[in-house]
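Structural overview for review
The primary structure of each chain is shown beneath.
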Amino acid sequence: MADIAVPPVAEFRSASRIASIGVSKILMIGARAVARKREGRPVIVLGAGEPDFDTPENIKEAAKAAIDRGETKYTALDGSPELKKAVAEKFRRENGVDYAVDEITVATGAKQILFNAFMASIDPGDEVIIPTPYWTSYSDIIEICGGVPVLIPCDAASGFRLTADRLEKAITPKTKWVLLNSPSNPSGAAYGEADYRPLLDVLLRHPHVWLMVDDMYEHIVYDDFDFVTPVALEPALKSRALTINGVSKAYAMTGWRIGYAGGPKALIKAMAVIQSQATSCPSSVSQAAAIEALNGPQDFLADRKASFRRRRDLVVSALNKIDGIECRVPEGAFYTFASCKGMIGRTTPDGKRIESDTDFTDYLLETVDVAVVPGSAFGLSPYFRISYATSEAELTEALSRIAAASAALV
Ligand SMILES: Cc1ncc(COP(=O)(O)O)c(C=O)c1O
């Protein structure tokens, strides 16, 4: 028999839509921290984007009861009617915004809400304005969807907040969305009514621009900060706004994977089209748990918030005692985003010059086994993010190690 030439096996080549998307720096740091832990080193990881508390008992019980009732099948595509009703009531009760049930969508985490929304609305080249520092997933999702993230640096001097003149300058005929996140991951900065008002006035003057707001950390705000969502302040924007929220952070339910949003019916329907071919409905059991989270007792939130606030104060005060570090007091979330500008140009005991925030955070991991994330991972340098969703004892130890490592730089 004649030999048949077999063509060589083609090597894997990723699709161009993900060509510019690298492995997340946060994941890389996490992997390095885990590797060091495996070597037996006393690593403290201050990188977690999730509360260290457990999901409240009543929520777990609601999930168990749903299983026992046989609620283990597909539900309506983008959320059961009961959960959509609970979400609509939450928006009315807590935010003063009226969404009809068909203006609500539920997905497998707020991340899927973002993905559905961009996938359903972005054409190649459409621009999305994002103030930086920003949650890295935003730009990656936008790029996967063919859009162009337009990053506007908003440093500590501006309270890490976008201002009206910067927004005005960034808007072009190609702007599709402005994406605002308050309180913010990673900066913890939040927009009050007076911060939002001038931005909303700019948007009123540009009717082709849509507003996406990520209110994920709504319940984690401190002191007398008044949380407010833009659509409540400016109902005229409701017909071109998507208000995103979820149960992950407030109710310590990151693993349950439920996020939701309110928005105009046409957008909500288009998002359901994407979800229908990606994941179908979110987990039926998690939806039952989310109904209890939204409708059940809310009093535990105050205790958890008080605990986060003590940790925030501990971290901010310890950081500000370190020569070379400056930390603004964040209004919310469970992150600090401190400047390490004063460290740039200093030299480590083994003669290496600190040139960037990544050099500084690498140095902390390598010398004192504390893992924090450089600002460059969130689009703004030279800063570093600490997640204080961990015990006060661990935070105290980590901060004393950071202080010692910093003092050893000359
Ligand atoms: C600002 C922000 N939005 C959305 C999410 C996504 O939350 P989830 O997909 O767990 O609902 C996160 C998670 O870290 C976040 O920090």
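Residues numbered from 1 in each chain as written. Predicted model: local features only at pLDDT ≥ 70, side-chain atom pairs only at ≥ 80, totals over all residues. Heavy atoms only, no water.

The next point concerns the site of the ligand. Taken together, 13 residues lie around the ligand, and Ala 110, Asp 214, Ser 248, Lys 249 and Arg 257 are the ones closest in. Separating an oxygen atom of the ligand from a backbone N or O atom of Lys 111 is a distance of 3.0 Å. Between the ligand and Lys 249, the relevant distance is 2.6 Å, taken from an oxygen atom to a side-chain nitrogen or oxygen of the residue. If the ligand stood free it would expose 400 Å²; the protein chains cover 93% of that surface. Among the residues making up the shell around the ligand, the classes are represented as five nonpolar, four polar and four charged. (Near = heavy atom within 4 Å. Polar contact = N/O pair within 3.5 Å; in protein donor to acceptor, adjacent residues only side chain to side chain. Areas by Shrake-Rupley, 256 points an atom, 1.4 Å probe, with all protein chains shown as cover. Nonpolar A, V, L, I, M, F, W, Y, C, P; charged D, E, K, R; others polar.)

This brings us to the sheet that holds strand 12 (residues 383-387). The pairing of strands in a sheet happens through backbone hydrogen bonds and is either parallel or antiparallel. Read from one edge of the open sheet, three strands run 9-12-11, paired in antiparallel fashion. Each of the sheet's edge strands pairs with one partner strand only, and the pair in question is strand 9 (335-339) and strand 11 (373-374). Of the strand pairs in this sheet, strand 11 and strand 12 are connected by two bridges, and their pairing is antiparallel. Within strand 12, the position partnered with Val 373 by the bridge is Arg 385. (Pairing = 2+ DSSP bridges. Helix = DSSP H or I, 4+ residues; strand = E, 2+ residues; numbered from the N terminus.)

A full pass over the atoms with the stated rule returns zero disulfides. Free cysteine: Cys 154, not disulfide-bonded; nearest cysteine sulfur from Cys 327 at 17 Å. (Disulfide = S-S within 2.5 Å.)

With that settled, the discussion passes to the pairing of strand 4 (residues 148-153). The pairing of strand 3 (residues 127-132) with strand 4 spans six bridges and is parallel. Within the sheet, the bridge partner assigned to Ile 130 lies in strand 4 and is Leu 151. In this fold, strand 3 hands off to helix 5 (residues 137-144), which returns the chain to strand 4; that crossover is right-handed. (Right-handed = clockwise from strand over helix to strand, strands pointing away.)

This next bit is on the sheet that holds strand 3. Spatially, the seven strands line up as an open sheet ordered 2-8-7-6-5-3-4, and their pairing is mixed. Edge positions in the sheet fall to strand 2 (104-107) and strand 4, since each has one partner strand and no second. Direction aside, the axes of adjacent strands within the sheet are offset by 20° on average. Across four bridges, the pairing between strand 7 (residues 241-246) and strand 8 (residues 259-262) is antiparallel. In the strand pairing of strand 8, Ile 244 is matched with Ala 261. Across the face of the sheet, helix 9 (residues 265-278) comes into contact with strand 2, strand 5 (175-181), strand 6 (210-214), strand 7 and strand 8 while running at roughly 20° to strand 2. (Axes fitted to C-alpha atoms, helices over the stretch in contact; angles between N-to-C directions. Contact = heavy atoms within 4.5 Å.)

Remember, this is a structural readout, not a statement about activity or role.
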